[in-house]
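Commentary on secondary and tertiary structure
Okay, here's what each chain looks like letter by letter:
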Amino acid sequence: MSTTADYEALATAAARDLEEATAQEILQWAADTFGKRFCVTSSMEDAVVAHLASSVLPGVDVVFLDTGYHFAETIGTRDAVAATMPVNVITLTPKLTVAEQDAQYGPNLHDRDPDLCCSLRKVEPLNRGLGAYDAWATGLRRDESPTRANTPVVAWDAKRRKVKLAPIARWTQDDVDAYVQANGVLLNPLLWEGYTSIGCSPLSCTAKPGEGEKGRAGRWAGSGKTECGIHL
Ligand code: SF4
């Protein structure tokens, strides 16, 4: 039985050893090291990391946070992933329904205190759900935003005491597009409607980027908030 100290050392070594590795090699390392104690998280903007992970670990758990505020297209993408890919989709939900949150905190908390809303509807459910795992992978990429520019391919997630992987950290949007095209990977249909980053449906949380903007520019636009808190 490995201890968290072992895993921290393992993550530090892997970050160095796997920096130049392919996404598949990084995921293969995770599959060999953690087996079923490893999962992938997906926002269902696309199924790229789920597809990569399923190629090295068929049946891999793909964790989705259902905040209660998603676009119908995002829920549809989740259902399509579950129905067509060799993965095990696990949907995590907040402790409070949207109606219960409205009753307790007032309506439209996302407009008044998005950090609290994200904490209740994303961060807490993820922290709870990750209890079943020793390692988790995300789709973070260095080219997505300045706050993600230094994302390591493997890291020690000290807050959760897990190994955290970003197997496509070094990929560009062109790399993602090429992988999607070559492998017929499922995409959220909102990407064809002008969205470039897809989160919850309130306009204050996800908007189409403005002229000349790209990537995550439409997320919590104008608020100064750039991350939901999962990756901070
Ligand atoms: S993205 Fe918006 S609606 Fe979703 S949890 Fe965060 S603040 Fe709430």
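Residues numbered from 1 in each chain as written. Predicted model: local features only at pLDDT ≥ 70, side-chain atom pairs only at ≥ 80, totals over all residues. Heavy atoms only, no water.

Turning to the site of the ligand, a few remarks are in order. Lining the immediate environment of the ligand, one finds Tyr 69, His 110, Pro 114, Cys 117, Cys 118, Arg 121, Lys 122, Cys 200, Cys 205 and Trp 220. With respect to the pocket detection grid, the ligand is positioned in the largest cavity. Residue classes in the shell around the ligand are distributed as seven nonpolar, one polar and two charged. (Near = heavy atom within 4 Å. 1 Å grid on protein atoms, 1.4 Å probe; cavity = no way out; pocket = protein on both sides within 12 Å on 5 of 7 lines; lining within 4 Å. Sits in = over half its atoms within 2 Å of the grid points. Nonpolar A, V, L, I, M, F, W, Y, C, P; charged D, E, K, R; others polar.)

It is worth spelling out the sheet that holds strand β3 (residues 87-92) at this point. Taken in spatial order, the six strands make up an open sheet running β3-β2-β1-β4-β6-β5, and their pairing is mixed. Two strands close off the open sheet at either side, each with one partner strand: β3 and β5 (154-157). Neighbouring strand axes in the sheet, compared pairwise and without regard to direction, differ in orientation by 30 degrees on average. In the sheet, strand β2 (residues 60-65) pairs with β3 via six bridges, with the strands oriented parallel. Residue pairing in the sheet places Phe 64 in a bridge with Thr 91 of β3. Running over the sheet, helix α1 (residues 4-17) touches β5 and β6 (162-165) and is turned about 150 degrees from β5. Running over the sheet, helix α4 (residues 72-84) touches β2 and β3 and is turned about 145 degrees from β3. (Pairing = 2+ DSSP bridges. Helix = DSSP H or I, 4+ residues; strand = E, 2+ residues; numbered from the N terminus. Axes fitted to C-alpha atoms, helices over the stretch in contact; angles between N-to-C directions. Contact = heavy atoms within 4.5 Å.)

What follows concerns the layout of surface pockets. Roughly 1100 Å³ of internal volume is contained in the largest pocket. Those elements that provide at least two residues to the lining of the largest pocket are β1 (38-41), α3 (48-56), β2, α7 (114-129) and α8 (173-183). Top contributing element to the lining of the largest pocket by residue count: α8, with four residues. Residues of the lining of the largest pocket, tallied by class, amount to 21 nonpolar, twelve polar and twelve charged. Volume-wise, the second largest pocket comes out at about 310 Å³. Broken down by element, the residue count for the lining of the second largest pocket peaks at three residues, all from β5. (Points joined across faces, edges and corners; volume = space filled by probe spheres on them.)

So, on to the pairing of β5. Relative to β6, β5 runs antiparallel, the two sharing four bridges. Bridge pairing links Trp 156 to Val 163 in β6. The antiparallel hairpin formed by β5 and β6 contains four residues in its connecting segment, where Arg 161 sits at a positive phi of about 55 degrees.

Applying the stated criterion to the full structure yields eleven salt bridges. One salt bridge in this structure joins Asp 17 and Arg 16, with 3.2 Å as the shortest N-O distance. A single burial state applies to Asp 17 and to Arg 16, both of which are exposed. Ionic pairing is found between Asp 143 and Arg 141, a salt bridge with its closest N-O pair at 3.0 Å. Connected through shared salt-bridge partners, Lys 95, Glu 124 and Arg 128 make up one network. (Salt bridge = Lys/Arg side-chain N within 4 Å of Asp/Glu carboxyl O. Buried < 20%, exposed > 50% of the residue type's maximum accessible area, 1.4 Å probe, protein only.)

Positive phi values are uncommon outside glycine, yet Asn 108 reaches one of about 55 degrees. Given the relative accessible area of 40%, Asn 108 is considered partly exposed.

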